Amino acid sequence: MKKGIALVVLTILFAWQMVSSYAIQRFPKPEFESGYITPETLLPTPRAEILEVMDVAVLLLALSVVTWAVLKRRSRNLVFWISIFSLAYFGFYREGCVCSIGSIQNVTLAIFAGSYVIPWTVLVFFLSPLVYTLLFGRTFCAGVCPFGAFQDLVSWRPQKIGTRLNAVLGVIPYIYLGLAVLYAATATDFIICRYDPFIGIFRFDALFSMFIFGGILLLCGVFIARPYCRFLCPYGVLLNWISRFSKYHMTITPSICVECRLCEDSCPYESIEKPVTVKNPESRKMVVRKFILIMLLIPFFMLLGGWTGSQIHESLAKVNGKVRMADELLHPEKIQAEPESIEMTAFKASGKSVKELYNEASRILRQFYIGGWILGGFIGLTIGGLLAGRLITRYRTDFEPNRGTCYSCSRCVDYCPIKS
Amino acid sequence: MKQQLIIITALILLIAGIGYLVIDLFYSESGASDNPYAYGLNELRKSDSSLIDYQEIQHFPAGLSEVYGIAADPANRIYVTGANGVEIYSPGGEKISEFSFPDTAYCIAVTPDGNLLLGMVDHIEIMTPGGEILSRWKPESEASVLTSVATDGTDIFVADAGKKIVYRYDREGTLLNRIGKKDSLKGIPGFVIPSPYFDLGIGRDDELWVVNSGRHLFEAFRPDGSLISTWGKTSTGVEGFCGCCNPSNFAMLSDGSFVTSEKGIERVKVYLPSGEFKCLVAAPDQFDQGTRGIDLAVDSEERILVLDPWRNQIRIFIKKGENNDEK
């Protein structure tokens, strides 16, 4: 039934975008015989402030309603319909912008580049899901994020891929987050937006390769639920951390778990923790050994990662337009066959001297050297932390959602026989 | 087993997608440097060689410093005009004669009695092949830019790109009527001429054909200005015309087919009288990039005479498989 609804919804949303793409003007313009004069082409005006307020109001309302649906109504159906609304509004109507995922870069740029003033709406889109997550878990992912909703709609035959593979692929969002912050902090690029797989589909306008990438994610999403959320989303990393401390996180059962195991396989994201009873408590000696190992493991990986990051900082910096241009000027033989880049044309027209460019590139390279240490250290910390996490045994008596990775989608709730 | 295969395939696809991001971010320099707004025609310049039905058999340089117009007479003599003069060549390319004048002629046609019709930028001249002026007159507007002349033996038709209109004169230069002015009641759409490429010619039934280049259309008129028919297709493919204003010039084959030349994507093509694309005469790679104003003429042996203003050459094309020596 839901699959049918999803197909109908997607057909309607795509048709909506298709209709707007027919409105492309061709040359020459038609000469109307009724005397109608075609208006001048105008540059799009900034979005009216009242509409920006509406976006924020819709975000907060959607967050509140989905949180109520998850925690109070405990209704998967309601979450599903809210996610369809979010996909239509934040995805196809607002065309994926502004989005909380990309707002990480705006916040980073605002922190590191003094001249950049972050729009208040972007700040609200960044902060409000984090605040809701701190209080109620990842209800934003459940039904407000259009990316999550899009993938949820096509998650028709989800298969489990196993804890280990989940953990390995789960490192990618941390690397992506680190890179996104590094490139935003150095005012290099907003890579989250550049490689946004769904925005091109929402707008019906993207590089062909990004259409393909978006299509691959949706195709994978049929069998591996929410691949972008689980293995790429950098905002998900922040939500994962914060959700672990959430005060009122969703529970599978509203009362005492009877361990009927009906919910055991209900989660397509493999986020249900099975009970671990205290049958064989670890000896004190074992606990101390594990603690020492963790204390050694994490700094080791951080240092290794940091050193590696510092060694590849020049490669990382090549993404920066100024560094790349300075490199092209230093090694003109590399680009003989290429047409002159648009950045190079702009630089030559600016009247700046090559020495100024080299100085600037050198300053950016220094930033990348420090950034390389921090990025590598962060990735090392992540890997070390994940390994350490596997060494720690957590005891629980009930089937519980993993507070970090659970998207609060409420699928498992439907399986629980205890309804009140 | 099937489930495992699905998971493995999906994972490979996912990892390939992520791999693409990494390669594009760190190793694809051109992707980041290319101007996404560049108006690139290189892909469109590629053409299927099997569509080329003509071969170039000869080319020779023009003696004028700038060339703009070419015509042929019934004896297959070739007339070339441009800056300050006219040159007359034999069918084989030997210069027979030449004469000069102080102006620049932008178009030329040969009348049935062997005289020359020349369109200067702001006036018309009728001259003998020896250069003697028989008649001379100016259009009424100072904004006129004359780009093409033709005659059906009785009247003279002049294309004015400045005023976006065609004038019909008698042989003394008396204006008889204007052709092509927008008239919705008569179904005349009006000429859209964004640049000074506005050609006209006479069809095999003495109808006047005019290129409405901004609309990528050929329009046929009777001498009284009534519209007979139109054809044309806007397309970036070889079968149509594209850009702001194409085709830039044309000539007629004896069976009523059209030989067209384009700028932007420099090429010469043949269309059937019905307007269907037939073949290529010369592909874009046979011209220097940027060549504009390729004028055309067809002689009585159906040879296509191409005036290449960039190379300052007269280039002669015949159908593949036809032996020029026999002719």
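Scroll up to find the structure this text is about.
Nothing here was measured: the structure is a model prediction, and the numbers come from that model.

**Looking at the pairing of strand β17 (residues 258-262) of chain B**
All names here are of chain B.
Stage number 1. With five of five residues buried, β17 lies mostly within the body of the structure.
Stage number 2. Residues Phe258, Thr260 and Glu262 point to one face of β17 and Val259 and Ser261 to the other, with burial holding for every one of them.
Stage number 3. Pairing between strand β16 (residues 249-252) and β17: four bridges, direction antiparallel. When the sheet's bridge partners are listed, Phe250 is paired in β17 with Thr260.
Stage number 4. The turn linking β16 back onto β17 is made up of five residues, and Gly256 within it adopts a positive phi angle of 90°.

**Side note on the environment of Val166 of chain B**
All names here are of chain B.
Stage number 1. Position of Val166 among the secondary structure elements: in strand β10 (residues 165-169).
Stage number 2. Along the backbone, Val166 and Ile179 are 13 residues apart, and their C-alpha atoms lie at a distance of 5.0 Å.
Stage number 3. When near neighbours in sequence (up to four residues on either side) are disregarded, Val166 contacts Phe157, Val158, Ala159, Arg178, Ile179, Gly180, Leu200 and Val210.

**Considering the environment of Val9 of chain A**
Residues and elements named next belong to chain A.
Stage number 1. Structurally, Val9 can be placed in helix α1 (residues 2-21).
Stage number 2. For Val9, a count of 17 C-beta atoms within 10 Å puts it in the partly exposed group.
Stage number 3. When the C-alpha positions of Val9 and Phe85 are compared, they lie 9.9 Å apart, and in sequence the two are 76 residues distant.
Stage number 4. Other than its neighbours up to four places away in sequence, Val9 contacts Ile84 and Leu153.

**Overview of the interface of chain A and chain B**
Stage number 1. On the chain B side, the residues contacting the 26 residues of chain A number 22 residues.
Stage number 2. Only α12 (208-223), α13 (227-231) and α18 (342-350) of chain A provide two or more residues apiece to the side of chain A that touches chain B.
Stage number 3. For the side of chain A that touches chain B, the element with the most residues is α12 of chain A, which contributes seven residues.
Stage number 4. Here the side of chain A that touches chain B is built from residues that sort into 16 nonpolar, four polar and six charged.

**Some details on the nonpolar core**
Stage number 1. One finds Val66, Val79 and Ala180 of chain A to be the most contacted residues of the largest nonpolar core, which totals 98 residues.
Stage number 2. It is helix α9 (residues 172-185) of chain A that provides the largest number of residues to this core, a total of nine residues.
Stage number 3. Lining this core are residues from two domains, each supplying at least three of them: domain 1 (2-21 + 50-254 + 402-415) and domain 2 (284-329 + 347-391) of chain A.
Stage number 4. Apart from the residues lying within four places of it in its own chain, the contact partners of Ala180 of chain A are Ile104, Gln105, Ile191, Ile192 and Pro234 of chain A.
Stage number 5. Among the nonpolar cores identified, the runner-up in size contains 72 residues, and Ile78, Ile108, Phe157 and Ala251 of chain B belong to it.

**Some words on the environment of Ala220 of chain B**
All names here are of chain B.
Stage number 1. With respect to the helices, strands and loops of the structure, Ala220 is situated in strand β14 (residues 217-221).
Stage number 2. With 16 C-beta atoms counted inside 10 Å, the residue Ala220 sits in the partly exposed group.
Stage number 3. Remark: the alpha-carbon pair of Ala220 and Leu208, spanning twelve residues in sequence, is separated by 5.4 Å.
Stage number 4. Dropping the residues within four chain positions of it, Ala220 is found in contact with Gly203, Glu207, Leu208, Trp209, Ile228 and Ser229.

**What about the packing of helix α3 (residues 76-93) of chain A against helix α7 (residues 146-154) of chain A?**
All names here are of chain A.
Stage number 1. Running from N to C, α3 and α7 cross one another at 125°; their axes reach a closest spacing of 8 Å. Compared by their axis directions, α3 and α7 come out oblique. Considering the relative orientation of α3 and α7, their crossing is left-handed. For the pair α3 and α7, the contacting residues are Ser83, Ile84, Ser86, Leu87, Phe90 and Gly91 in the first and Pro146, Ala149, Phe150 and Asp152 in the second.

**Remarks on the sheet that holds strand β11 (residues 175-179) of chain B**
All names here are of chain B.
Stage number 1. Read across the sheet, four strands follow the order β8-β9-β10-β11 without closing on themselves; strand pairing throughout is antiparallel. Either end of the sheet is taken by a strand with one partner, and the two such strands are β8 (146-151) and β11. Taking each pair of neighbouring strands and ignoring which way they run, the sheet shows an average axis angle of 20°.
Stage number 2. Where β8 and strand β9 (residues 156-160) come together, five bridges link them in antiparallel fashion. Bridge pairing in β9 links Leu146 to Asp160.

Calculation notes
Residues numbered from 1 in each chain as written. Chains lettered and ligands numbered in written order. Predicted model: local features only at pLDDT ≥ 70, side-chain atom pairs only at ≥ 80, totals over all residues. Buried ≥ 20, exposed ≤ 12 C-beta atoms within 10 Å, placed from the backbone. Helix = DSSP H or I, 4+ residues; strand = E, 2+ residues; numbered from the N terminus. Pairing = 2+ DSSP bridges. Contact = placed C-beta atoms within 7 Å. Nonpolar A, V, L, I, M, F, W, Y, C, P; charged D, E, K, R; others polar. Core = buried A, V, L, I, M, F, W, Y, C linked by C-beta atoms within 7 Å. Domains from an automatic or database assignment. Axes fitted to C-alpha atoms, helices over the stretch in contact; angles between N-to-C directions. Parallel < 35°, antiparallel > 145°, perpendicular 65-115°, else oblique. Left-handed = near helix turned anticlockwise from the far one by under 90°.

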